[in-house]
Amino acid sequence: MQLPALFIAQTRSLLGEEVFGQLAEALQQEPPVSIRLNGRHARPESALLQAPVPWCADGYYLTERLTFTFDPLFHAGCYYVQEASSMFVEQVLKQYVTEPAVMLDLCAAPGGKSTHARSMLPEGSLLVANEVMRNRSQILSENLTKWGHPGVVVTNNDPADFATLGEFFDVVLTDVPCSGEGMFRKDPVAVDEWSPENVEICWQRQRRILADIWPCLRPGGLLIYSTCTYNIKEDEENVRWMQQEFGAESLAVEVPAEWGITGNLLPHTVPTGADAAVCAGFPVYRFLPHRTKGEGFFLAALRKPGGTTGDDYGVSKKSNKKNNAKTVSSVSKEQLSVAREWLLQPEMFEFLVEGASVAAFPKGYIDELSSLRRSLRVIQAGIDLGVAKGKDFIPGHALAMSRAYRRGSFPEQEVSYEQAIAYLRKESVTLPVEAARGYVLLTYKDIPLGFVKNIGNRANNLYPQEWRIRSGYLPEKLLLL
């Protein structure tokens, strides 16, 4: 890889000759591959899990890159392919979010940090995952559906659209678009597109995003700022700007020295006068590939002034009125009653009927959902239970993926690897003659894959068309978890 000459000069000036040489050498090496397991499933016993990621309880480095596209367990939400350094968000949530909270992941696609945050938030929390690009928001929705937690809303909005919500969120994660220097060895496009001019565009865009979303964080709330770049304009200087502009308090995260995380790289000179006390020595966390096993990553945690000053970020209750608008329903009371019994704790959910569709949403956050729908473009909320079609009720794929699903609500049929791949390609699947008729949940290694409708001579495949494996071949060498 040929690094841009101006990037070399800039980063050498930032790190010094010796450290830059170590970084440049690391950037010529193959990047590690890491995954994060979904804690709702049993940990797989696999020799391919090389070693744990030190700062993530469910993170593992792999000995080799898996054939992810052709691994049914990947499609079933058993794990997420995530860069190891970015899993450090876990430490902030562990140390600072100890009570149920309403959290926003503002720039969330494709969903690595969202699925991770949803796993780490205390029970009884709500996650709003947003993506401004419509096509990427669909990918985000897919990944969160497969992760299986019901306390999720997915939105497709510009950061400025959140303004009407007011001080709505207890926690905001801003993994902002950046110049991507930290991804050079994984993404050749990032190298080709890098320029000092792009860095200038990025830090200005980042400040606009932060200025748009800061009013939506409640007093005492937590903002997590992260990038995958090295330069201080997009990193430390933006944190210092938040301190000066918003009065944000930088928070320390406890980390062992052996993790090899680097701190603040700002020059020792700081502004004189009142700003000096605010800006001197604030904590930030940098991941440099020659010191930590992963890609380049930067993180800072900040608290908004006012409100709670301790470490717990409890939900600030709001007095939103429910949206009582009536919608025409084609779902019978009997169908709704049956759908309720598909969940482990139906009393914990509000059942939302819109036309022929039924969704289950955590009862404690109905007011918040109503506010989100009035202000934002909501593309997913809670669990899509299914669709009524005449007297029939077709179960939704999200139900099969959900941890709230009551196993045994439908007959189950274990399938082979070949059958699983055919199902994930949206091909027809033939079940044994003794298999139950009607709606059947297919499982692979006892993990739910999704539903079919078995009519005897064939089983109609109910896997979402837009999620199917499009490749028609199998690699000669398969590496599966």
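Along each chain, residue indices are assigned from 1 in the same order as the chain's sequence is written. Local features in this predicted model are restricted to residues of pLDDT 70 or higher, and side-chain atom pairs are both shown and tallied only at a pLDDT of 80 or more, whereas totals for entire chains, interfaces and linings draw on every residue. Each side-chain value is derived from all of the structure's non-hydrogen atoms; neither hydrogens nor water enter the calculation.

### Considering helix 5 (residues 112-120)
Remark: exposure states derive from per-residue accessible area (1.4 Å probe, protein chains only) relative to the maximum for the residue type, with buried under 20%, exposed over 50%, and partly exposed in between. The helix count covers DSSP runs of H or I at least four residues long, the strand count covers runs of E at least two residues long, and both are numbered beginning at the N terminus. Most of helix 5 is tucked away, with 7 of its 9 residues classed as buried. Looking at helix 5, one finds that the buried residues are Gly-112, Lys-113, Ser-114, Thr-115, His-116, Ala-117 and Arg-118.

### Let's talk about empty space enclosed by the protein
A pocket, in this scheme, is an open set of points on a 1 Å grid over the protein atoms alone with protein on both sides within 12 Å along at least 5 of 7 lines, while a cavity is a set where a 1.4 Å probe fits but cannot get out; residues line either one if an atom lies within 4 Å of a point. Grid points are joined across faces, edges and corners, and a volume is the space filled by probe spheres set on the points. Per the stated rule, a full pass over the model turns up 1 cavity of 30 Å³ or more. Those elements giving two or more residues to the lining of the largest cavity turn out to be strand 1 (34-37) and helix 5. Broken down by element, the lining of the largest cavity gets its largest block of residues, 3 residues, from helix 5. Ten residue types, Ala, Val, Leu, Ile, Met, Phe, Trp, Tyr, Cys and Pro, are classed as nonpolar, four, Asp, Glu, Lys and Arg, as charged, and the remainder, Gly among them, as polar. Looking at the lining of the largest cavity, its residues break down into 4 nonpolar, 2 polar and 3 charged.

### Remarks on unusual backbone geometry
Cis peptide bonds are those with omega within 30 degrees of zero, and the linkage from Ala-109 to Pro-110 qualifies with 5°. By the element assignment, Pro-110 lies in the loop between strand 5 (102-105) and helix 5. A positive phi is found at Lys-426, a non-glycine position, where the angle reads about 70°. By the element assignment, Lys-426 lies in the loop between helix 14 (417-424) and strand 19 (438-444).

### With respect to the environment of Ser-250
Within the secondary structure, Ser-250 sits in strand 10 (residues 249-251). Separated by 33 residues in the primary sequence, Ser-250 and Pro-283 have C-alpha atoms spaced 6.5 Å apart. The contact rule is simple, with two residues in contact once any of their heavy atoms fall within 4.5 Å. Once residues lying within four places of it in the same chain are set aside, the contact partners of Ser-250 are Val-239, Gln-243, Phe-282, Pro-283, Ala-301 and Leu-302. Among the polar contacts made by the side chain of Ser-250, one reaches the side chain of Gln-243 at a distance of 2.9 Å. Whenever a nitrogen or oxygen atom comes within 3.5 Å of another N or O atom, the pair is scored as a polar contact, on the condition that within protein one atom can donate a hydrogen and the other can accept it, and that pairs from neighbouring residues in sequence are kept only if both atoms are in side chains.

Note that all results are geometric; they support no functional claim without further evidence.
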